[in-house]
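# Breakdown of the fold
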Amino acid sequence: MTQPSCYMVVGAILFGLGLVGFLSRRNLIVMFLSTEVMFQGVLVNLVAFGRYHGNLDGQAFAMFLLVIAAVEAALALALIVVLFRRQATLDAEAWRSMRG
Amino acid sequence: MKAELAYGVYATLFAAAVGLVLLCPRAHGRYARAGAVLAIGGVALLLTDLTGRLAAGAGINGFFYVFALLAILSAGRVITTTRPVYAALYLVVTVLAVAGLLVLAEAEFLAAALVIVYAGAIVVTYVFVIMLAQQSRATEYDAATREPTAAVAAGFLLTAAICGVIAQTRWTDAIVTTPAPEGNTVAVASVLLSTYAISLEVAGVLLLVAIVGAIYIVRRDSDIQEAQQT
């Protein structure tokens, strides 16, 4: 049986990769794809900790994480479509002036 | 596990981070092949070394390495490819590999739900928006990243901190549970519908609100005027 801590290493690496993608990419869609990679890391971690404690709470939390991921994708993509209509580009740098 | 052993973790992770910097798309990307070798080698070394020590004789299923490497490598491609459609397709590979890991962890229902919801619904929505908004030729904002070194440094610090803590923690053996006789789906459902029943209802309401909100956000003023005239 594979130890739960091995899964946690995979979860940490996936989360780190998603963070790098979100910080460095300029395409709005790819930025949100990177958040989905972060979600995968969290999901692996939840299941690993649930397994470590020997109960199913981790898997139940992971179901709620799936719900949040779906909600996030729907709202983020709606916002991206609105932004694309304003300025015909997906470049996050085009909205620099919002930094304040 | 001793603190000195964590330095090996940091070193392999640092090599992978340097490789990732070289892999990030940029205007005059050279050394990308060397970066790929560094990144893949570093991650593979980290996985085999750290998990080997964490397992401590308990043994590791060979499929764990297959799925873990597949998930991490395709996640790396998601953030380094210059074509958004390919990024979405590599995300599907990541999701399928993570589903494989979940099956190994005896979370069969979650693995099936992940494939259906992620690979089947969320990624399709992304591909829809990419087709709606993407120019056919490669764009300059896809071909170059902003501040790849700083971004990889932030990711490296976070991942090194987490992996260092994992390496130094004294993990007791996990509580060994026999798989539920009625199956994983029934077991998860009984937890969801008893302990977390109210949360489940709230999650359903949240989905409904999000869908209505998304429709409200993307509507055009002209659509509303047409609807009022008819």
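Note that the structure is predicted; figures quoted are calculated from it, not measured. Counting starts from 1 at the beginning of each chain's written sequence and moves along it residue by residue. Written order determines the labels here, with chains lettered from A and ligands numbered from 1. Reporting of local features is limited, given that this is a predicted model, to residues whose pLDDT is at least 70; pairs of side-chain atoms are given and counted only at 80 or more, and all residues count toward the totals for whole chains, interfaces and linings.

Within chain B, the secondary structure is distributed over 10 helices and 0 strands. Numbering goes from the N terminus for both helices and strands, where a helix is a DSSP run of H or I of at least four residues and a strand is a run of E of at least two. Starting at the N terminus and ending at the C terminus, chain B contains elements arranged as α-α-α-α-α-α-α-α-α-α. For this measure, only C-alpha atoms enter the radius of gyration; the expected value for a globule follows 2.2 Å times N^0.38, where N is the number of residues. For chain B, whose C-alpha radius of gyration is 22 Å, the value lies well above the compact-globule estimate of 17 Å for 230 residues. Taken along its principal axes, the extent of the C-alpha atoms in chain B is 75 × 55 × 25 Å. A residue is called partly exposed when the number of other C-beta atoms within 10 Å of its own lies between 12 and 20, exposed at 12 or fewer, and buried at 20 or more, with C-beta atoms placed from the backbone. Per-residue burial for chain B yields a buried fraction of 31% across its 230 residues. By the convention adopted here, residues are in contact when the distance between their C-beta atoms, placed from the backbone, does not exceed 7 Å. In chain B, of all internal contacts separated by at least 6 residues, the share reaching a separation of at least 24 is 64%.

So, about the overall build of chain A. When helices and strands are tallied, chain A shows 3 helices and 0 strands. Along the chain direction, N to C, the helices and strands of chain A fall in the order α-α-α. With respect to the principal axes defined by its C-alpha atoms, chain A has extents near 50 × 25 × 25 Å. Buried residues in chain A amount to 61% of all 100 residues. The long-range share in chain A, meaning contacts at least 24 apart out of those at least 6 apart in sequence, stands at 51%.

Each partner contributes residues to the interface: chain B has 77 residues there, and chain A has 63 residues. Put simply, the parts of the chain that give the side of chain B that touches chain A at least two residues each are helix H2 (32-55), helix H3 (62-80), helix H4 (84-104), helix H5 (108-133), helix H6 (140-143), helix H7 (148-168), helix H8 (184-194) and helix H9 (197-218) of chain B. The dominant element in the side of chain B that touches chain A, judged by the number of residues it contributes, is H5(B), at 12 residues.

What follows deals with H5(B). A rise of 1.5 Å per residue sets the reference length of H5(B), with its 26 residues, at 38 Å; its end C-alpha atoms lie 36 Å apart and thus fit the reference within 8%. All buried positions along H5(B) are accounted for by B:Phe109, B:Leu110, B:Ala111, B:Leu114, B:Tyr118, B:Ile122, B:Tyr126, B:Val129, B:Ile130 and B:Ala133. In this structure, the buried residues of H5(B) make contact with helix H2 (28-52) and helix H3 (57-86) of chain A together with H4 and H8 of chain B. Expected span of a helix: the number of residues minus one, times 1.5 Å.

Residue and element names in this part refer to chain B. Comment: axis = line fitted to C-alpha atoms, over the contacting stretch for helices; angle = value between 0 and 180 degrees taken between N-to-C directions. As a packed pair, helix H1 (residues 5-23) and H7 sit with axes 9 Å apart at the nearest point and diverge in direction by 155°. Comparing the axis directions of H1 and H7 gives the class roughly antiparallel. Relative to H7, H1 is oriented so that their crossing is right-handed. For the pair formed by H1 and H7, the contact residues are Leu5, Ala6, Val9, Tyr10, Leu13, Phe14, Ala17, Leu20 and Val21 on the first element and Pro148, Thr149, Val152, Phe156, Thr159, Ala160, Cys163, Gly164, Ala167 and Gln168 on the second. Following the grouping adopted for this structure description, the nonpolar residues are Ala, Val, Leu, Ile, Met, Phe, Trp, Tyr, Cys and Pro, the charged ones are Asp, Glu, Lys and Arg, and the polar ones are all others, Gly among them. Here the contact of H1 with H7 is built from residues that sort into 15 nonpolar, 4 polar and no charged. Oblique is the label for every angle not falling under 35 degrees (roughly parallel), over 145 degrees (roughly antiparallel), or within 65 to 115 degrees (roughly perpendicular). For a crossing to be left-handed, the near helix must be turned anticlockwise from the far one by less than a right angle; the clockwise case is right-handed.

It is worth spelling out the nonpolar core at this point. Within the largest apolar cluster, 95 residues are counted, with the highest numbers of intra-cluster contacts made by A:Val47 and B:Leu101. Broken down by element, this core gets its largest block of residues, 14 residues, from helix H1 (residues 4-24) of chain A. Once residues within four sequence positions are removed from consideration, B:Leu101 is found in contact with A:Tyr7, A:Val10, A:Val44, B:Phe67, B:Ala68 and B:Ala71. Put simply, a nonpolar core is buried Ala, Val, Leu, Ile, Met, Phe, Trp, Tyr and Cys residues tied into one set by C-beta atoms within 7 Å.

So, on to unusual backbone geometry. Residue and element names in this part refer to chain B. Residue Glu106 is not a glycine yet carries a positive backbone phi of 60°. Locating Glu106 in the fold gives a position in the loop between H4 and H5. In this structure Glu106 comes out as partly exposed when scored by C-beta crowding, with 17 C-beta atoms within 10 Å. In this structure, Glu147 is a non-glycine residue whose phi angle is positive, near 50°. Within the fold, Glu147 resides in the loop between H6 and H7.

Another point: the environment of A:Ala60. By the element assignment, A:Ala60 lies in helix H3. Overall, A:Ala60 belongs to the buried group, with 22 C-beta atoms counted inside 10 Å. Sequence separation between A:Ala60 and A:Leu46 is 14 residues; the distance between their C-alpha atoms is 9.2 Å. Excluding anything up to four places from it in sequence, A:Ala60 contacts B:Val188, B:Val191, B:Leu192 and B:Tyr196.

Glancing now at the confidence of the model for chain B. Averaged over every residue, the pLDDT of chain B is 86; the share at 70 or more is 94%. Interface confidence for the predicted complex, given as ipTM, is 0.93, next to a pTM of 0.91. The pLDDT value expresses, per residue, how confident the predictor is, ranging between 0 and 100.

Where H3(A) meets H5(B), the closest approach of the two axes is 11 Å, and the angle between their N-to-C directions is 5°. As the angle between them shows, H3(A) and H5(B) are arranged roughly parallel. For the pair H3(A) and H5(B), contact is made by A:Gln59, A:Ala62, A:Met63, A:Leu66, A:Ala69, A:Ala70, A:Ala73, A:Leu77, A:Ile80, A:Val81 and A:Phe84 and by B:Leu110, B:Ala113, B:Leu114, B:Val117, B:Ala121, B:Ile122, B:Thr125, B:Tyr126, B:Val129, B:Leu132 and B:Ala133, respectively. A breakdown of the residues in the contact of H3(A) with H5(B) according to their chemical character gives 20 nonpolar, 2 polar and no charged.

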